[in-house]
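Commentary on secondary and tertiary structure
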Amino acid sequence: MQPKIMMKKKSISASKASLVLFLCQMISALDVPLDSKLLEELSQPPTITQQSPKDYIVDPRENIVIQCEAKGKPPPSFSWTRNGTHFDIDKDAQVTMKPNSGTLVINIMNGGKAEAYEGVYQCTARNERGAAISNNIVIRPSRSPLWTKEKLEPNQVREGDSLVLHCRPPVGLPPPIIFWMDNAFQRLPQSERVSQGLNGDLYFSNVQPEDTREDYICYARFNHTQTIQQKQPISVKVFSTRPVTERQPVLLTPTGSTSTKVELRGNVLLLECIAAGLPTPVIRWIKEGGELPANRTFFENFKKTLKITDVSEADSGNYKCIARNTLGSAHHVISVTVKAAPYWITAPRNLVLSPGEDGTLICRANGNPKPSISWLANGVPIAIAPEDPSRKVDGDTIIFSQVQERSSAVYQCNASNEYGYLLANAFVNVLAEPPRILTPANKLYQVIADSPALLDCAYFGSPKPEIEWFKGVKGSILRGSEYIFHDNGTLEIPVAQKDSTGAYTCVARNKLGKIQNEVQLEIKDPTVIIKQPEYKVIQRYGQVSFECIIKHDSTLLPTVIWLKDNDELPDDERFLVGKDNLTIMNVTDKDDGTYTCIVNTTLDSVSASAVLTVVAAPPTPAVIYARPNPPFDLELTGQLERSVELSWIPGDENNSPITNFVIEYEDGLHEPGVWHYQTEVPGTQTTVQLKLSPYVNYSFRVIAVNEIGRSQPSEPSEQYLTKSANPDENPSNVQGIGSEPDNLVITWESLKGFQSNGPGLQYKVSWRQKDVDDEWTSVIVANVSKYIVSGTPTFVPYEIKVQALNDLGYAPEPSEVIGHSGEDLPMVAPGNVQVHVINSTLAKVHWDPVPLKTVRGHLQGYKVYYWKVQSLSRRSRRHVEKKILTFRGNKTFGMLPGLEPYSTYKLNVRVANGKGEGPASPDKVFRTPEGVPSSPSFLKITNPTLDSLTLEWGSPTHPNGVLTSYILKFQPINNTHELGPLVEIRIPANESSLILKNLNYSTRYKFYFNAQTSVGSGNQITEEAVTIMDEVQPLYPRIRNVTTAAAETYANISWEYEGPDHAHFYVEYGVAGSKEDWKKEIVNGSRSFFVLKGLTPGTAYKVRVGAEGLSGFRSSEDVFETGPAMASRQVDIATQGWFIGLMCAVALLILILLIVCFIRRNKGGKYPVKEKEDAHADPEIQPMKEDDGTFGEYSDAEDHKPLKKGSRTPSDRTVKKEDSDDSLVDYGEGVNGQFNEDGSFIGQYSGKKEKEPAEGNESSEAPSPVNAMNSFV
């Protein structure tokens, strides 16, 4: 099968303009701007731009024009083949080729015969860069043969029987359109009982007596030659029998129980079932094992025809029609098989490359059966074409590597099967061009502040140049999210500010050179109305003023326009427009309304509105103003055929002069009781000459008008009947719009009764097809406003005129209007759909326009259906919500706003006409890049302590990409709301909480929190929180600051408790890292320390403290390590009896000292805190120094020096050998100790004390009340 390329609807003859189409089709990294000077210099292989259809049926009476237009640089030459051999047009005097074109003109009207030129033609366009070929164009002259003579016997049928009237039209080319009419050229009425089949026959499910007639005539319309052939009339006579026998359904067509049908993909499937029976059967259609396709299924001919548009392989199957009446049913099964001529999956696209680059041509098609793929180079099978080392053929793909300029050529891909073929020309054009910048130098751009600024840098080069932008001559390269760099070189500043003003330099470079261009940007202040007009209430006849004071950029010239109710101000000298105001003098009720001040500059526009309400002035008792009294004594004089004189006497003015008189008339013949406006005259005039129309029974009345209002109408005048005449005018608003693909509905506005000028009003409706040498077809219809012309071709222009006539004659010759026959759905989908993602929320879609002949109607525009398939950040699908954007007219691109970043989308494009939408293009998948995320869904700040806060947050609702991290910034705020230094922390993206430590106590902090992707930071969320004051008790129980001081076989555990009094504590411990159950020790009383004994030397332990009766409340875990076992054994002095006795004696002495101090204090004496501490010695926990076994020294509670031997537990929560003498941190904080009734000392171990500033380099921590117990070695 020979190849073919798709035709384009329009061609551009000049070589410069021809290259435009090539640029539109090109798919490559290169994009050639439409610059005339540049286009003149670039070479291009030939491309077929216009050609005749493959199956070209011509009128044998007219010249044959076989189109072949092509473009290229240099302009191509043309040659033709006929039936596979060279066609030498120079040897045939009847054949000529148009200048600068390949189009052939065969002169038939000057002696040639169309039959002699039947055959298969193919055009070749060639220049130095390659050769393109057209499809095979099969030329056949149309034929409209006469009906064969036949003797038709009258049909005598019994009432209730079925009947088929056969048409059997002559075989024409193309096949004719069949319709049945009578001798009066009126369509025969059709119904569920009587209808025309697809083959043209007329079927009667059952005949009735009214079917008797002798003029059943079948007509065959041959549209190509605009001829109609008529069959001899058929006579039908129905004789009645009583009673009429009812019959169950029987199928008239198709016959039998089953049949088969093969249809091609994309075509319209028509299935027909017509049944006989009485009562008339009703037809129903089903698809066995499936549903009829929604939106593509239509029922025609009273449901006797099933129509499925745009069929595909999925529509194959068994379709059953069921005919049913009250007596039973009959059915027929049609087995449908859908085959497919080749159709494109990927058609090869023109390829523009630079020397040394690689590329591919891909040709993929499908069909049923599967089509075979073959390649040609410059019209020659590639197997025998000259070799090209840069070319490699791999099935449906040609791979090019390291191309050179000599590699330029035109390749043809042919996909064919038994049902047809496809062919596409695609050229490879190798260009080597240094960069060029096409934007004029020093071009000035002016933009309003806070608006987008677009700076152009139109460029071209091969290889495709890289574009860079600089601000100023020596500025650095522009980067960052504040700029958008478009593929066409344009620099976009989304929000231009005053500091954006200046010179910008665009640099284009490739391996062949570099060039730069400078443009200027000026940012202007926006125009603002600083004092807007205000609502006003004014008394009638007063004066009012509206102000509109503006502020604008000094370099822009503003213009101020005032509107009233969104329309121009009345042309009245009372309205005075000043520089900054509008003044209305002598206000009347008509001035009531909305006044708008509009300020325009060359760059922006602003407006403001205010309402004016007019109220009545205070009444003046001396004068009463009212509407005038009605005129009286109306008289008609000087009666003529088309005129009469009317006079009257005015009524009382009622203190307000009459300004004018309004004359109205009544047509007692056509519209009795309805009064119409005739004319009006000044208030000083009391007679008027009135123009009249023929055939109207006139009565007149007069209404007086003054400033107050209108009078009541006068009494009617006497009646005057004018004579009849021809119509003076024709119907208005004549239109021709088809309601179906095969008709033309002509409508008009009928003349009103008095416009008829006489009785017997009718209309002569005439029509003929435009641009076809055809006679007018006319019909005279009654006084209606519509006429339907049937059997028209789909969507062709018609010349239409409607002329009025009455019993006296015709109106003047009417003007012609252009109408169109009915539209049908578009046939093809837009091709070459391409999506260019501009940024994360905006994409631009391009498509090739469909040929206008395939639109089959008025092109309304293109509709882009697009929907989100998947969010790449969540990997989850959701309900698909399709969105539709409509682009009016013959646009070939559009913008898709409001996309979600980092998502997968699909779209398709459809062409729309007045009938509806055409088929959708194949779905195009595209992805949006990452964007900045939204703000985190929440930020909570909990667990405030003296020096820490806990932050929790939720991930952004819209990540818009892959989160890389969170950014936390915070700073303190003092009492005067001044902000302190800002601290920034970067947090991994997988975290959802953070504990901020080492904060200042009783301090308010402000937090700024946002998420980041690789594109940048999202919106931040802010929160404020305060660390607690040390004297404020927490609102919940807690145990904190668990510390340990470990020896070889025991450890001293201490903690701080905040919560209800009289808590009972316990200590749980176990080997660190072990899964064994915790061991539990009960603490006597409410002490905040405990000694764990019996530990294993050199072992790491975990420990935690809990409180009984507080719902299992526990502290966090602490880890410590016991000291290693020593080689030489030493006696544990703490277990010796003499030591215990000594300690008891010391304790007794301390108790006596405490009692003495207490007595002295009650008498006004004082005692040191150190004595208090010594007095509370407990032999179980008395610390000893590690080196000499003596008691550890205590730090005075009022001495803010660090402990001499002790220190806090290290931050890693283990106790090292050299500082294992800490115990009971913060002992001694709080108020002075108290005594129980029995004299025992309490409170020294449980209170708290405010921290004070550190002195010198010493620690600011409160000193430990007791040096940690020293381990014995």
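The rules behind these values
- Residues numbered from 1 in each chain as written.
- Predicted model: local features only at pLDDT ≥ 70, side-chain atom pairs only at ≥ 80, totals over all residues.
- Heavy atoms only, no water.
- Helix = DSSP H or I, 4+ residues; strand = E, 2+ residues; numbered from the N terminus.
- Buried < 20%, exposed > 50% of the residue type's maximum accessible area, 1.4 Å probe, protein only.
- Contact = heavy atoms within 4.5 Å.
- Areas by Shrake-Rupley, 256 points an atom, 1.4 Å probe, with all protein chains shown as cover.
- Pairing = 2+ DSSP bridges.
- Axes fitted to C-alpha atoms, helices over the stretch in contact; angles between N-to-C directions.
- Disulfide = S-S within 2.5 Å.
- pLDDT = per-residue confidence, 0-100.
- Salt bridge = Lys/Arg side-chain N within 4 Å of Asp/Glu carboxyl O.
- Core = buried A, V, L, I, M, F, W, Y, C linked by side-chain atoms within 4.5 Å.
- Patch = residues over 30% accessible without salt bridge, like charges linked within 9 Å, V, L, I, M, F, W, Y side chains within 5 Å.
- Phe/Tyr/Trp six-rings, centres within 6.5 Å; stacked < 30°, edge-to-face > 60°.
- Lys NZ or Arg CZ within 6 Å of the ring centre and 35° of its normal.

Attention now moves to the overall build of the protein. Along the backbone of the protein there are 5 helices and 94 strands. Burial statistics for the protein: of 1273 residues in total, 44% are counted as buried. A separation threshold of at least 6 residues defines the contact pool for the protein, and within that pool the share at least 24 residues apart is 65%. Looking at the protein as shown, the accessible area adds up to about 65,300 Å², and 50% of this sits on carbon and sulfur atoms.

Strand order across the open sheet formed by 3 strands is β22-β26-β25, with antiparallel pairing between neighbours. Sheet topology places β22 (269-272) and β25 (297-300) at the edges, where each strand pairs with a single neighbour. The mean angle between the axes of side-by-side strands here comes to 20 degrees, regardless of whether they run parallel or antiparallel.

On to the state of the cysteines. Per the counting criterion, the structure on display carries 6 disulfides. Disulfide partner of Cys 457: Cys 506, at an S-S distance of 1.8 Å. For the disulfide bridge between Cys 457 and Cys 506, the dihedral angle about the S-S bond is near -60 degrees, and by the sign convention the bridge is left-handed. Here Cys 457, found in the loop between β40 (453-455) and β41 (459-462), pairs with Cys 506, found in strand β45 (residues 502-510); they are 49 residues apart in sequence, far enough to count as distant. The exposure class assigned to Cys 457 is buried, which follows from its relative accessible area of 1%. Disulfide pairing places Cys 548 opposite Cys 597 at an S-S distance of 1.9 Å.

Turning next to the sheet that holds strand β83 (residues 993-996). Read from one edge to the other, the open sheet built from 3 strands follows the order β79-β80-β83, with strand pairing classed as antiparallel. Single-partner strands in this sheet number two, and they are β79 (936-942) and β83. The sheet shows a mean angle of 20 degrees between the axes of neighbouring strands, direction not considered. Relative to β83, strand β80 (residues 949-956) runs antiparallel, the two being bridged by 4 bridges. Among the inter-strand pairings, Leu 951 is bridged to a residue of β83, identified as Leu 994.

With that settled, consider the confidence of the model for the protein. Looking at the protein, pLDDT values average 83 and 85% of them are 70 or higher. Every residue in residues 1-29 scores below 50 in pLDDT, and together they form 84 contacts with partners more than four places removed in sequence or on other chains. Under a pLDDT of 50 for its full length, residues 1164-1273 has, in the predicted model, 222 contacts with residues more than four places off or in other chains.

For the rest of this paragraph, the subject is the pattern of salt bridges. Counted by the stated rule, this structure contains 38 salt bridges. The closest approach of N and O atoms between Arg 213 and Asp 215, which form a salt bridge, is 2.7 Å. In this structure Arg 213 comes out as partly exposed when scored by relative accessible area, which is 26%. When salt bridges with common partners are traced through the structure, they connect Arg 158, Asp 161 and Arg 247 into a single cluster.

Here the focus is the nonpolar core. Ile 64, Ile 66, Trp 80, Ile 106, Tyr 121 and Ile 139 are the most contacted members of the largest nonpolar core, which has 30 residues in total. Elements that contribute at least two residues to this core include exactly β2 (55-58), β3 (64-66), β4 (68-73), β5 (77-82), β8 (104-106), β9 (119-127) and β11 (137-141). If one sorts the elements of this core by residue count, β9 sits on top with 3 residues. The residues touching Ile 64, leaving out its near neighbours within four places in the chain, are Val 58, Leu 104, Val 105, Ile 106, Ile 108, Ala 114, Tyr 117 and Ile 139. Among the nonpolar cores identified, the runner-up in size contains 20 residues, and Val 644, Val 681, Phe 700 and Val 702 belong to it.

Here we come to a nonpolar patch on the surface. A cluster of nonpolar side chains, Leu 1148, Leu 1149, Leu 1151, Ile 1152, Ile 1155, Val 1156, Phe 1158 and Ile 1159, forms an exposed patch at the surface whose accessible area comes to about 710 Å². Within the secondary structure, Ile 1155 is located in helix α4 (residues 1137-1162).

What follows concerns the environment of Ile 746. Residue placement: Ile 746 occurs in strand β65 (residues 743-749). In sequence terms Ile 746 and Gln 735 are 11 residues apart; their C-alpha atoms lie 5.7 Å from each other.

Backbone torsion omega between Leu 173 and Pro 174 reads -5 degrees, so that peptide bond is classified as cis. Within the fold, Pro 174 resides in the loop between β13 (163-165) and β14 (177-181). Here the amide bond leading from Ser 462 into Pro 463 is cis, since omega sits at 5 degrees, within 30 degrees of zero. Topologically, Pro 463 is positioned in the loop between β41 and β42 (466-471). For Tyr 695, which is not glycine, the phi torsion reads 55 degrees and is therefore positive. By the secondary structure assignment, Tyr 695 is in the loop between β61 (687-691) and β62 (697-706).

With that out of the way, let us pick up the packing of aromatic side chains. Considering all chains together, one arrives at 24 aromatic pairs under this definition. Both rings, one in Phe 400 and one in Tyr 411, keep their centres 5.5 Å apart while their planes meet at 65 degrees; by these two values the pair is edge-to-face. With Phe 400 in strand β35 (residues 397-400) and Tyr 411 in strand β36 (residues 409-417), this residue pair connects regions lying 11 residues apart in the sequence. Taken individually, Phe 400 and Tyr 411 each receive the classification buried, so the pair is uniform in this respect. Members of the aromatic cluster, each reached through a chain of ring pairs, are Phe 179, Phe 185 and Tyr 219. Over the ring of Tyr 421 we find Lys 54; its NZ or CZ atom is 4.1 Å from the centre of that ring. Over the ring of Phe 87 we find Arg 82; its NZ or CZ atom is 5.9 Å from the centre of that ring.

Turning to the pairing of strand β46 (residues 513-524), a few remarks are in order. Note: strand β39 (residues 444-448) against β46, 5 bridges, orientation parallel. Each bridged residue has a counterpart across the sheet, and for Ile 448 the counterpart in β46 is Lys 524. Sheet analysis places β45 next to β46, joined by 9 bridges and oriented antiparallel. When the sheet's bridge partners are listed, Asn 510 is paired in β46 with Gly 513. Here β45 folds back onto β46 in antiparallel fashion, the turn holding 2 residues.

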